[in-house]
Amino acid sequence: EVQLVESGGGLVQPGGSLRLSCAASGFTFSSYAMSWVRQAPGKGLEWVSAINSAGVSTSYADSVKGRFTISRDNAKNTLYLQMNSLKAEDTAVYYCAKYSGTYYIRGKTEYDYWGQGTQVTVSS
């Protein structure tokens, strides 16, 4: 059974940092591209970032470029999202998601599995 379990969310002040983690199990993690997406209150799903299976290719939404960094540790079956210089508009539920192949298409949210999400709230 495929499982994606996010952690690391919470309340942070504007300008602060958080690191999200996604623990993966039930599949060969190193064989699939992964992604982070988010959904703000009352808004639709927003693609945030993606990384290929080997971890050597990454891509970001313009709204987070230069502030967020996606990475993965294939030995630990874990995906990460380092979020710096957080803004109020980054407030959302963040989801880890699995692509069905080794590479991603920037901006595409066609995943075969999702996690349950972790809440990130940026507020003073």
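Rules and cut-offs
- Residues numbered from 1 in each chain as written.
- Predicted model: local features only at pLDDT ≥ 70, side-chain atom pairs only at ≥ 80, totals over all residues.
- Heavy atoms only, no water.
- Helix = DSSP H or I, 4+ residues; strand = E, 2+ residues; numbered from the N terminus.
- Rg over C-alpha atoms; globule rule 2.2 N^0.38 Å.
- Pairing = 2+ DSSP bridges.
- Axes fitted to C-alpha atoms, helices over the stretch in contact; angles between N-to-C directions.
- Phe/Tyr/Trp six-rings, centres within 6.5 Å; stacked < 30°, edge-to-face > 60°.
- Buried < 20%, exposed > 50% of the residue type's maximum accessible area, 1.4 Å probe, protein only.
- Lys NZ or Arg CZ within 6 Å of the ring centre and 35° of its normal.
- Disulfide = S-S within 2.5 Å.
- Polar contact = N/O pair within 3.5 Å; in protein donor to acceptor, adjacent residues only side chain to side chain.
- Contact = heavy atoms within 4.5 Å.

(A) Highlighting the overall build of the protein chain. Looking only at helices and strands, the protein chain has zero helices and eleven strands in total. In the protein chain, the succession of helices and strands from N to C terminus is β-β-β-β-β-β-β-β-β-β-β. For 124 residues, the compact-globule formula gives about 14 Å, and the C-alpha radius of gyration of the protein chain, at 13 Å, lands near that figure. Along the three orthogonal principal directions, the C-alpha set of the protein chain runs to about 40 × 25 × 25 Å.

(B) How the structure looks around the sheet that holds strand β1 (residues 3-7). If you walk across this open sheet you meet the four strands as β1-β3-β8-β7, and the pairing is antiparallel. On the outer flanks of this sheet lie β1 and β7 (68-73), each paired with one strand and no other. Each strand of the sheet is rotated relative to its neighbour by a mean of 15°, with strand direction disregarded. One ladder, built from five bridges, connects β1 with strand β3 (residues 18-25); its direction is antiparallel. The residue bridging E6 from the neighbouring strand is C22, located in β3.

(C) Quick peek at the packing of aromatic side chains. According to the stated counting rule, one finds six aromatic pairs in the structure shown. Here the aromatic rings of Y111 and W114 are separated by 5.1 Å at their centres, their planes lie at 90°, and the arrangement is edge-to-face. The class of W114 is partly exposed, set by a relative accessible area of 36%. Taken together, the aromatic side chains of Y95, Y99, Y111 and W114 make up a single cluster linked through ring pairs. Looking at R19, its charged tip hangs above the ring of Y80, at a distance of 3.9 Å from the centre.

(D) Geometry of the state of the cysteines. In this structure the tally under the stated criterion is one disulfide. Put simply, C22 and C96 are joined by a disulfide, and their sulfur atoms are 2.1 Å apart. Between C22 and C96, the S-S dihedral sits near -65°, and the bridge is therefore left-handed. Pair noted here: C22 is in strand β3 and C96 is in strand β9 (residues 92-98), with a separation of 74 residues, a long-range link. For the pair formed by C22 and C96, the shared burial category is buried.

(E) How the structure looks around the side chain of T78. Examined against the element boundaries, T78 turns out to sit in strand β8 (residues 78-83). T78 gets classed as buried once you look at its relative accessible area, which sits at 11%. Within the structure, T78 has its side chain in polar contact with the backbone oxygen of K76 (distance 2.8 Å). Those residues in contact with T78, other than ones at most four positions away along the chain, are S21, C22, A23, F29, R72 and D73.

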